[in-house]
Amino acid sequence: ITEDVLNVMQLDHIQHRVVGGVEKRGISGGQRKRVNIGLELAAQPSVLFLDEPTSGLDSTSSLSVAASLKRMGSLGMSSIMVIHQPRYSLFTLIDDVLLLGKGGQTVFLGPATCVKEYFESLGFTMPEFENPADWFMDVISGEVANQEIPDFRPDMLFDMWEKRVSDCLSRQPTLTTEGGREVNDSDDLAILAHTLSEEWHRIDTNGDGVVSSDELHRLLANCSNVKPDAEVVSELMERMAGTDAKSVTKKQFTEYLCSLRGDVARDANSSERMMGLRSSSSSLTESDSEVGVDGVDPELGDNGQFPAGLAAAQPRIRSMVTAPLDPLRGLKRDTPGHFEQCRILALRRLVQWWRMNTQRALFLAALALGAVVLAVLDAFMLSTPRWSCMALLNLHTALALLLAIFCLQVFGGDQPMFWRESASGISVPAYFFARLSVNNFDIIVQSFVFTSVYFLIRQPGVPFWVFFLPFLFTAFVASGWGYLVSTLLPPKHGPFVVSLIVFIVCGLLGNPSSLAEFLNGGAVEFVVSMLSITRWSIAMNFVQADDILQPHPENMNDKYMLEVNKDVFSRRDFGIGVWWTAGICLLAMGVVLRIASFLGLRFMHRDKQV
């Protein structure tokens, strides 16, 4: 279905480009309109409603949009749209048109090709060389005089139409099949020339009106979505501009490619080659006409049997020839299974991930800078002990806050797109796991960068993997909070809510100076143990530092804090040790938050999933 939509909307040559926006220019305005329509077509609607799809476009781009919708109509899909000031060739593509006057009352309802005849029957005369579509609007607004009604007012058109309808109903009703005209070669040629012109200006950045061989190579690649080899480019340049040509003008490029729609291309070399092409075309036509004459296929033998080499393919070939053509066959699809959808969505997310390299680099730089500042403060300015739990609190809280904010974009950035796809049958588990799988790489890399930078400067005196693993658990839980908030709240509220949550679960509930009061049993200890990240992650770092460093502080305050921390973090180890208990609790927190995030993604905002 994706390839069908790209072909029908004439977007296949730009399918790998970024749409762009205000800050970064991407595809053109007309192409952007067709992309918006294509998003709806991918859901295979039976009726498509469009509100001014041609507004802001030039006349040729508008014609291209209308022609694409006309082709979709031939495949069984109805399009209903509001449109203003169309060119007449676009207006006549419409099968039935409803013209409304002031107050929303009907002035005309019927085939677009009959509007001019209807108004002329009422006594209006259209000036020569006037755009009929604009003239219709002038008649409805009362800007055109009526030769038969001197005191004509626009509101009279309502009564005239009601009278016409009444007269038609009083007669024997007849079934009319008259509609708008079909898209013809002239329309296609105008659209093609406009598209080629857009691609030309994308390559000819200096505006000199000519392109070199290398520029022509890129231009042809953009137009066809296939990179031609140097020999093909050289031959096309020769055909467009003549022998030994070093450049091609816009007129030569456009005229030659547009002429390929006919029997003979506008070859710049020789008339003999043009005549050769015409003869070749005639020969092909005659050869084609031989197929099926008198019911005999030239590929069959004299006895009407398939040759020996094609005998195995006989059933398939006959079914292809005799099968009835179904105009809707190309738009019918089988929804892929869960694993296939997961693969497709993961590939799409990887493409999006790659396009975010600049933002990712900036975020990694911010993480590294934060680690440098904290390491310099702890090692050189404050001279905190390497086992200090307050220093660990600052580290874990900073990492949790930054990663939770980063993970808001995983499900919050594309909410409208997800709602649309969910309503069209996308597998929510596949969408969820595909996005999480790609984002896990970012979580690991960001945690590693933050921890390693601090480790190199601070030199905590423990093996790196022992120091790093608790931070990885912190990142796992913090990212879960980011996922959950992004599925429940609008993106604009996400950073504030996540900051508040991290401040509570890390800074308040997990503060080592307060844990001695919190961990005395009862409901408070249960809440702290279930919600606080640093209550467990700091314990993992501290017990390993205490075991490896064997600290003996001389300062009385440090001695007191060391004993308090030993007492607090040794509680509730459930007989398997603080390290394993804390790791299991943090792992459980992250899993529960991801389950809650999936439920939020699945069941929240159901009213928006039309």
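In the block above lies the structure referred to throughout.
Rules used throughout
- Residues numbered from 1 in each chain as written.
- Predicted model: local features only at pLDDT ≥ 70, side-chain atom pairs only at ≥ 80, totals over all residues.
- Heavy atoms only, no water.
- Helix = DSSP H or I, 4+ residues; strand = E, 2+ residues; numbered from the N terminus.
- Buried < 20%, exposed > 50% of the residue type's maximum accessible area, 1.4 Å probe, protein only.
- Contact = heavy atoms within 4.5 Å.
- Areas by Shrake-Rupley, 256 points an atom, 1.4 Å probe, with all protein chains shown as cover.
- Expected span 1.5 Å × (residues − 1).
- Core = buried A, V, L, I, M, F, W, Y, C linked by side-chain atoms within 4.5 Å.
- Axes fitted to C-alpha atoms, helices over the stretch in contact; angles between N-to-C directions.
- Parallel < 35°, antiparallel > 145°, perpendicular 65-115°, else oblique.
- Left-handed = near helix turned anticlockwise from the far one by under 90°.
- Nonpolar A, V, L, I, M, F, W, Y, C, P; charged D, E, K, R; others polar.
- Phe/Tyr/Trp six-rings, centres within 6.5 Å; stacked < 30°, edge-to-face > 60°.
- Lys NZ or Arg CZ within 6 Å of the ring centre and 35° of its normal.
- Patch = residues over 30% accessible without salt bridge, like charges linked within 9 Å, V, L, I, M, F, W, Y side chains within 5 Å.
- Salt bridge = Lys/Arg side-chain N within 4 Å of Asp/Glu carboxyl O.
- Pairing = 2+ DSSP bridges.
- 1 Å grid on protein atoms, 1.4 Å probe; cavity = no way out; pocket = protein on both sides within 12 Å on 5 of 7 lines; lining within 4 Å.
- Points joined across faces, edges and corners; volume = space filled by probe spheres on them.

**Examining the overall build of the protein chain**
Step number 1: The number of helices and strands found in the protein chain is 26 helices and six strands.
Step number 2: Split into buried and exposed, the 610 residues of the protein chain put 40% on the buried side.
Step number 3: Look at the contacts in the protein chain between residues 6 or more apart in sequence, and 69% of them connect residues 24 or more apart.
Step number 4: On the protein chain, roughly 33,500 Å² of surface is accessible, and the fraction owed to carbon and sulfur atoms is 59%.

**Some details on helix H20 (residues 464-488)**
Step number 1: End to end, H20 covers 37 Å across 25 residues, agreeing with the expected 36 Å (1.5 Å per residue, within 8%).
Step number 2: Within H20, 19 of the 25 residues are buried, leaving the element largely enclosed by the surrounding structure.

**Describing the nonpolar core**
Across soluble globular proteins, you tend to see nonpolar side chains buried next to one another.
Step number 1: Of all hydrophobic cores here, the largest spans 53 residues; its most connected members are Phe411, Phe467 and Phe569.
Step number 2: For this core, the element with the highest residue contribution is helix H19 (residues 428-458), accounting for twelve residues.
Step number 3: Ignoring sequence-local partners within four residues, the contact set of Phe467 consists of Leu392, Leu395, Thr451, Tyr454, Phe455, Pro460, Val462 and Asn541.
Step number 4: In this structure, Val115, Ala133, Met156 and Leu157 belong to the second largest nonpolar core, which totals 26 residues.

**Focus on the side chain of Ser447**
Step number 1: Secondary-structure assignment places Ser447 in helix H19.
Step number 2: Judged by relative accessible area, which is 0%, Ser447 ranks as buried.
Step number 3: Ignoring any residue separated from it by four or fewer positions in sequence, one finds Ser447 in contact with Leu399, Leu403, Phe468, Phe471, Leu472 and Ala475.

**Considering the packing of helix H2 (residues 29-41) against helix H3 (residues 59-73)**
When two helices pack together, you describe them by how their axes are tilted relative to each other and by the distance separating the axes.
Step number 1: The contact between H2 and H3 brings their axes to 9 Å, and the two run at 20°. Our classification of the angle between H2 and H3 gives roughly parallel. Considering only the axes of H2 and H3, their crossing is right-handed. Contact with H2, carried on its side by Gly30, Lys33, Arg34, Ile37 and Leu41, involves Ser61, Ser64, Val65, Ser68, Leu69 and Met72 of H3 and no other residues of that element.
Step number 2: Looking at the contact of H2 with H3, its residues break down into five nonpolar, four polar and two charged.

**Overview of unusual backbone geometry**
Step number 1: Its identity is not glycine, yet Phe129 carries a phi of approximately 65°, on the positive side.
Step number 2: The backbone phi angle of Gln459 is positive, close to 50°, even though this residue is not glycine.

**Section: the side chain of Thr451**
Step number 1: On the secondary structure map, Thr451 appears in helix H19.
Step number 2: Given a relative accessible area of 1%, Thr451 falls into the buried group.
Step number 3: Not counting residues within four places of it along the chain, the set of residues in contact with Thr451 comprises Phe464, Phe467, Phe468 and Phe471.

**Some remarks on the packing of aromatic side chains**
For any two aromatic rings, the description comes down to two numbers: the centre-to-centre distance and the angle of the planes.
Step number 1: If you walk through the whole model with that rule in mind, you get 27 aromatic pairs.
Step number 2: Plain terms: the ring middles of Trp353 and Trp354 are 6.3 Å apart, the flat faces sit at 40° to each other, and that makes the pair tilted.
Step number 3: The exposure class of Trp353 is buried, given its relative accessible area of 18%.
Step number 4: Ring geometry for Phe432 versus Phe598: centroids 5.5 Å apart, planes at 75°, classification edge-to-face. Placement of the pair is Phe432 in helix H19 and Phe598 in helix H26 (residues 578-603), with a sequence separation of 166 residues.
Step number 5: Judged by relative accessible area, Phe598 falls into the partly exposed class, the value being 22%.
Step number 6: Geometry around Trp536 places Arg535 over its ring, the cationic atom sitting 3.7 Å from the centre.
Step number 7: Note that Arg602 overlies the ring of Phe603, its terminal NZ or CZ placed 5.2 Å from the centroid.

**Observations regarding a nonpolar patch on the surface**
Step number 1: A contiguous nonpolar surface patch, about 640 Å² in accessible area, is contributed by Leu369, Val373, Leu377, Phe380, Met381 and Leu382.
Step number 2: Checked against the element boundaries, Leu382 lands in the loop between helix H15 (357-381) and helix H16 (389-406).

**Comments concerning the packing of helix H24 (residues 534-549) against helix H25 (residues 556-569)**
Step number 1: Two elements in contact, H24 and H25, have axes whose closest approach is 10 Å; the angle formed by their N-to-C orientations is 120°. Regarding the angle of H24 to H25, the classification is oblique. Along this stretch, H24 crosses H25, giving a crossing that reads as left-handed. Together, Arg535, Ile538, Ala539, Phe542 and Asp546 of H24 and Leu562, Asn565, Lys566 and Phe569 of H25 make up the contact between the two elements.
Step number 2: Here the residues of the contact of H24 with H25 sort into five nonpolar, one polar and three charged.

**What about the pairing of strand S3 (residues 96-100)?**
Step number 1: Of the two faces of S3, the one holding Val97 and Leu99 is buried and the one holding Asp96, Leu98 and Leu100 is not buried anywhere.
Step number 2: Relative to strand S4 (residues 106-111), S3 runs antiparallel, the two sharing five bridges. When the sheet's bridge partners are listed, Leu98 is paired in S4 with Leu109.
Step number 3: Two successive antiparallel strands, S3 and S4, enclose a turn made up of five residues, where Gly103 displays a positive phi of approximately 90°.

**As for the layout of surface pockets**
Step number 1: Computed from the structure, the largest pocket encloses a volume of approximately 2,300 Å³.
Step number 2: Forming the walls of the largest pocket are 47 residues, and the residues nearest its centre are Leu39, Arg348, Gln352, Met417 and Glu421.
Step number 3: Going through the elements one at a time, helix H1 (2-8), H2, helix H14 (338-355), helix H18 (415-423) and H19 are the ones with two or more residues in the lining of the largest pocket.
Step number 4: For the lining of the largest pocket, the residue count by class is 23 nonpolar, twelve polar and twelve charged.
Step number 5: In this model, the second largest pocket occupies a volume close to 1,000 Å³.
Step number 6: Forming the walls of the second largest pocket are 32 residues, and the residues nearest its centre are Met81, Ile83, Ile94, Asp96 and Val97.
Step number 7: If you list the elements that add at least two residues to the lining of the second largest pocket, you get H3, strand S2 (78-82), S3 and helix H6 (132-141).
Step number 8: Within the lining of the second largest pocket, the residues separate by chemical class into 20 nonpolar, eight polar and four charged.

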